[in-house]
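# Structural characterization, general
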Amino acid sequence: MAKVTRDDVARLAGTSTAVVSYVINNGPRPVAPATRERVLAAIKELGYRPDRVAQAMASRRTDLIGLIVPDARQPFFGEMAHAVEWAAAERGKMVLVGNSDYVGEREVHYLRAFLGMRVSGLILVSHALNDLAAAEIEAWDARVVLLHERPEAIDDVAVVTDDLGGAQLAVRHLLEHGYEYVACVGGIAETPTVGDPVSDHVEGWRRAMAEAGVSTEGRLFEAPYNRYDAYRIALEILSGPRRPPAIFCSTDDQAIGVLRAARELRIDVPGELAVAGFDDIKEAALADPPLTTVASDRSAMARAAVDLVLDDGLRVAGSRRERLKVFPSRLVVRRSCGCA
């Protein structure tokens, strides 16, 4: 059976091959609705499949979006990657995912690989973008949207959560329960101080404690973002002589590790220890007890990032504040904080 070509589609639809191209590529010129319907009907009837490689060579762009995350094994980033994939599919794009593992060299590796593939754009979840990565983006004049984090090394459009305000919501809620103070499980020593969500979570904790006139001295504990290391550190905190009455964790994954450590030490949550997290990963609702946390609309954030990276108006002039799209945080109250 002969391969169906664009000429065949044009003949059946009674139009030109250029118009067929406009319909397939959604531009660059508009097509009348009736003509578009005839072209789409002809494509369906003939079973035409566009040659994506040829399209990419002609336009120097593919139907791919590159997404770089720190670690897709962590539930938050896995859920975010899934949301980006769905949002991209709505725009007729596919997503390539690379894991930087919080290593700058791996981030640069994926940047070069994806840009070399002529992706339509890059969505970057960067823990601490280094100068080499920033230079790589500048050299390729890449279309980049920062998601979840906004490192200072690059001044591109960013889609983020109100991390600072969300942390304040959680800590205020714990203090309103009457706990003497709230300890905080933050990030590691290398966590950036600007543009990093965990740093904002820690700052939100500090501000909420200050508002209540409660000292934070000696009540901040460093921990990696995953549950396994947080569990190990929580065993030390909870078995020590000054066990905190409540703990706010910078991520839900950390909080799940804390809950596991409390259970192992036979500490009742929330009777003897209150716990709250941040991110509202799906597993938070199934934790034992269900985890009080802070949520944001990941689907809307992913859709905004995809739309921004594909839209021609991405590189608009304006201040950094104008190029920052902030989604609100909301408190999700469950049993781990002491609420019924």
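Residues numbered from 1 in each chain as written. Predicted model: local features only at pLDDT ≥ 70, side-chain atom pairs only at ≥ 80, totals over all residues. Heavy atoms only, no water.

The chain has the name LacI family transcriptional regulator in an unreviewed UniProt entry, where Streptomyces muensis is given as its organism.

Within the chain one finds 12 helices and 12 strands. Burial analysis of the chain (340 residues in total) assigns 51% to the buried set. Here the chain displays about 16700 Å² of accessible surface, and carbon together with sulfur accounts for 51% of that area. (Helix = DSSP H or I, 4+ residues; strand = E, 2+ residues; numbered from the N terminus. Buried < 20%, exposed > 50% of the residue type's maximum accessible area, 1.4 Å probe, protein only. Areas by Shrake-Rupley, 256 points an atom, 1.4 Å probe, with all protein chains shown as cover.)

To continue, consider the layout of surface pockets. Roughly 350 Å³ of volume is contained in the second largest pocket. In terms of lining residues, the second largest pocket is bounded by 16 residues, among which Glu79, Ala83, Lys282, Arg298 and Ser299 are the most central. Those elements that place two or more of their residues in the lining of the second largest pocket are α5 (75-90) and α12 (298-310). Broken down by element, the residue count for the lining of the second largest pocket peaks at 6 residues, all from α5. Its residues placed into classes, the lining of the second largest pocket shows 5 nonpolar, 3 polar and 8 charged. (1 Å grid on protein atoms, 1.4 Å probe; cavity = no way out; pocket = protein on both sides within 12 Å on 5 of 7 lines; lining within 4 Å. Points joined across faces, edges and corners; volume = space filled by probe spheres on them. Nonpolar A, V, L, I, M, F, W, Y, C, P; charged D, E, K, R; others polar.)

The subject of this paragraph is the sheet that holds strand β4 (residues 144-147). Taken in spatial order, the 6 strands of this open sheet run β2-β1-β3-β4-β5-β11, and their pairing is parallel. On the outer flanks of this sheet lie β2 (94-99) and β11 (324-327), each paired with one strand and no other. For this sheet, the mean angle separating the axes of adjacent strands, direction not counted, is 20 degrees. Sheet analysis places strand β5 (residues 157-161) next to β11, joined by 4 bridges and oriented parallel. Residue pairing for β11: Thr161 is matched across the bridge by Phe327. α5 rests against β1 (64-69), β2, β3 (121-124) and β4 of the sheet, and its axis sits at about 170 degrees to β1. (Pairing = 2+ DSSP bridges. Axes fitted to C-alpha atoms, helices over the stretch in contact; angles between N-to-C directions. Contact = heavy atoms within 4.5 Å.)

Another point: the state of the cysteines. In protein chemistry, a disulfide is the covalent bond that joins the sulfur atoms of two cysteines. For the coordinates displayed, the defined rule picks out 0 disulfides. In this structure Cys249 is not part of a disulfide, and its nearest cysteine sulfur, from Cys184, lies 7.7 Å away. The exposure class of Cys249 is buried, given its relative accessible area of 0%. For the unlinked cysteine Cys337, the closest cysteine sulfur is that of Cys339, found at 3.5 Å. Classification of Cys337 by relative accessible area gives buried; the value is 0%. (Disulfide = S-S within 2.5 Å.)

Structurally, the position occupied by Gln168 is in helix α8 (residues 163-176). Sequence separation of Gln168 and His201 is 33 residues, and the distance between their C-alpha atoms is 7.9 Å. In this structure, Gln168 is in contact with Gly204, Arg207, Ala208 and Glu211, ignoring residues within four places of it in sequence.

Within the largest apolar cluster, 70 residues are counted, with the highest numbers of intra-cluster contacts made by Ile123, Leu147, Val182, Phe248 and Leu273. Setting aside residues no more than four positions away along its own chain, Leu273 makes contact with Leu238, Pro244, Pro245, Ala246, Ile247, Val258, Ala262, Ile267, Asp268 and Ser336. The next biggest cluster of nonpolar side chains, apart from the first, holds 16 residues, and it includes Val108, Leu122, Val144 and Val160. (Core = buried A, V, L, I, M, F, W, Y, C linked by side-chain atoms within 4.5 Å.)

The subject of this paragraph is the side chain of Ser21. As for its position among the elements, Ser21 is in helix α2 (residues 17-25). For Ser21, a relative accessible area of 17% puts it in the buried group. Setting aside anything within four residues of it in sequence, one finds Ser21 in contact with Arg6 and Gly27.

This part takes up the confidence of the model for the chain. For the chain, the average pLDDT comes to 88, and 88% of its residues sit at 70 or higher. In this model, residues 313-321 is a region of pLDDT below 50 whose contacts with residues beyond four sequence positions or in other chains number 19 contacts. (pLDDT = per-residue confidence, 0-100.)

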